[in-house]
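Descriptive analysis of the structure
The chain contents come next:
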Amino acid sequence: MVLTAPNEIVLEDVARPGSRAGDVTVHITHTGICGTDYKIYNGSIPVQYPRIMGHEMAGEIVDPGSTSLKPGARVIIDPELFCGSCFHCRIGQTHLCPNGMLIGRDTNGGFAEFITVPASQVFALPAGVDPTHAPMIQVLTTCLHAQRQINIFPSEYVVVLGLGVTGQLHVQLAKARGAYVIGVTRSKEKRELAEKLGADITIPGGDDAIAKVKEATEGRGPDVVIETTGVVSQLSSAIHMARSGGRLLLFGIITAKEGALPFYDLYFKELALINARVAKGEDYPASIALVQRGTVRLEPLVSDVMPLGELKAAIGMLGSDSTQRMKIILDHQ
Ligand SMILES: [Zn+2]
Ligand SMILES: [Zn+2]
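**Remarks on the coordination of the zinc ion (ligand 2)**
The zinc ion (ligand 2) binds to the protein through C83 (SG), C86 (SG), C89 (SG) and C97 (SG); the donor distances cover 2.3 to 2.4 Å. For the zinc ion (ligand 2), the 4 donor atoms in the first shell make angles of 103 to 118° at the metal, a pattern classed as tetrahedral. Looking at C89, the relative accessible area reads 10%, which means it is buried.

Set out below in C-alpha cells:
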C-alpha cells in the first residue's frame, strides 16, 4: 500500500526490497496503525513520496541473514534505525541517534508483503504470543522505556491521565511495579477497561478530577502522574494534582508551541518533569516477556482487525472521534 501524496494511498506492485549482508527479510503478517501513520498520511508529518508506511510490524522470517532464526520463525520488528557510530549510539542512547530513522516514515515500512531490515531490528516471538496482537508490542516498548525513567516504587500512587491504548498499557505496567493505580478519563468505556486491566480506581476526567485524585491519595496527591494525552491543559492538571516532590512523566507528545502552565507550582512543589522518546532494543525482550507471561494484556486493546487492503478506511477511522475505538490491526493474509 503506497502513499503517493498526502491522502493518496494506492495498491501497487513494487519490487521486493533488496538486502545487504546481515539483513533479514520478513514476510509481514500483521501491522498496527496509530496517530503517527495518520499524520504521515495527511501530510502533517512530511515524508518523501512514494512511501510505504507502517512501523508496528509482526511477521515470519523469509531470509534469516546472519541470525540464528529459522525461516518461518515469528518475529516483531523494532522500527527505530540507528547508526551505531555516533556519540549517542556509543553511549547506549541509540534511540536519540541524530542519524536515526523510523521505518515506515523515513524508509519503507510494513504495509507491504515483505520488508528487509538489519538483524539488530528483529526479535523472536515466543509461541504464546498471538501474532494478531504482536504489532502492539512496539507500542508497549515505548511505554516501558518511559516508565524506566520514573522508577515507580511498590505502594506508590500513580495517576494515568488518558486511557487510550498507551494509557491502558501504562496502567498495566504501573500495576506490575506494585503501584496503586488511578486512571482518569472522560470515557466511561475506557474507565471500565482500565479497571478490568488492573486500575485500583478510576475517576471521570473533568473539573473536579484534581480534587477527587487528592481525595484518593490521602489528601497529598500522587507520587507519579503519567500524562498520555499530549494536551497542555492536562499537563497543567498533572502539576496541580501531584504531591510535593512528585514526578511527572510527559508521555503524550505535546506539539503545542505555547500554553499556560502553573510554573510557580513546579518550583514550589519541587516537581520533576521527565520526558521519554521512543524506545531502545533493550525494551523488546522485556516487553515480549511481559506479554508472554500475561502481565500485560494486549488483546482487550484491539477494537478492530481489518485486511491490509482497507488501510485507507482504517486510517480514516483514526481521524473520527470514537470513545470506543482502541487499536486497529491490519491482517495481511
Ligand atoms: Zn505507532
Ligand atoms: Zn547513532
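**Points about the side chain of H145**
In this structure, H145 sits in helix 3 (residues 136-148). Separated by 3.3 Å, the side chain of H145 and the backbone oxygen of R277 make a polar contact. Not counting chain neighbours up to four residues away, the residues in contact with H145 comprise H95, A276, R277, V278, A279, K280 and D283.

**Some details on the sheet that holds strand 13 (residues 224-227)**
Taken in spatial order, the 6 strands of this open sheet run 12-11-10-13-14-15, and their pairing is parallel. A strand with exactly one partner marks an edge of an open sheet, and here the two such strands are strand 12 (201-204) and strand 15 (272-275). Across the sheet, the axes of successive neighbouring strands diverge by a mean angle of 20°, strand direction being ignored. Judged from the 5 bridges that link them, strand 10 (residues 157-161) and strand 11 (residues 180-185) form a sheet pairing that is parallel.

**A word on the nonpolar core**
Counting 45 residues, the largest nonpolar core has I76, I137, V158, L169, I226 and L301 as its most contacted members. Per-element accounting of this core gives the leading share, 7 residues, to helix 3. Both domain 1 (2-140 + 279-331) and domain 2 (150-275) contribute no fewer than three residues apiece to this core. Beyond its immediate sequence surroundings of up to four residues, V158 is in contact with I152, A174, A179, Y180, V181, I182, V224 and I226. The next biggest cluster of nonpolar side chains, apart from the first, holds 20 residues, and it includes I52, A112, L308 and I315.

Conventions used here
Residues numbered from 1 in each chain as written. Chains lettered and ligands numbered in written order. Predicted model: local features only at pLDDT ≥ 70, side-chain atom pairs only at ≥ 80, totals over all residues. Heavy atoms only, no water. Donors = N, O, S within 2.8 Å, 3.2 Å for Na, K, Ca; no water. Tetrahedral: all angles 85-135°; square planar, octahedral: opposite > 155°, others 65-115°. Buried < 20%, exposed > 50% of the residue type's maximum accessible area, 1.4 Å probe, protein only. Helix = DSSP H or I, 4+ residues; strand = E, 2+ residues; numbered from the N terminus. Polar contact = N/O pair within 3.5 Å; in protein donor to acceptor, adjacent residues only side chain to side chain. Contact = heavy atoms within 4.5 Å. Pairing = 2+ DSSP bridges. Axes fitted to C-alpha atoms, helices over the stretch in contact; angles between N-to-C directions. Core = buried A, V, L, I, M, F, W, Y, C linked by side-chain atoms within 4.5 Å. Domains from an automatic or database assignment.

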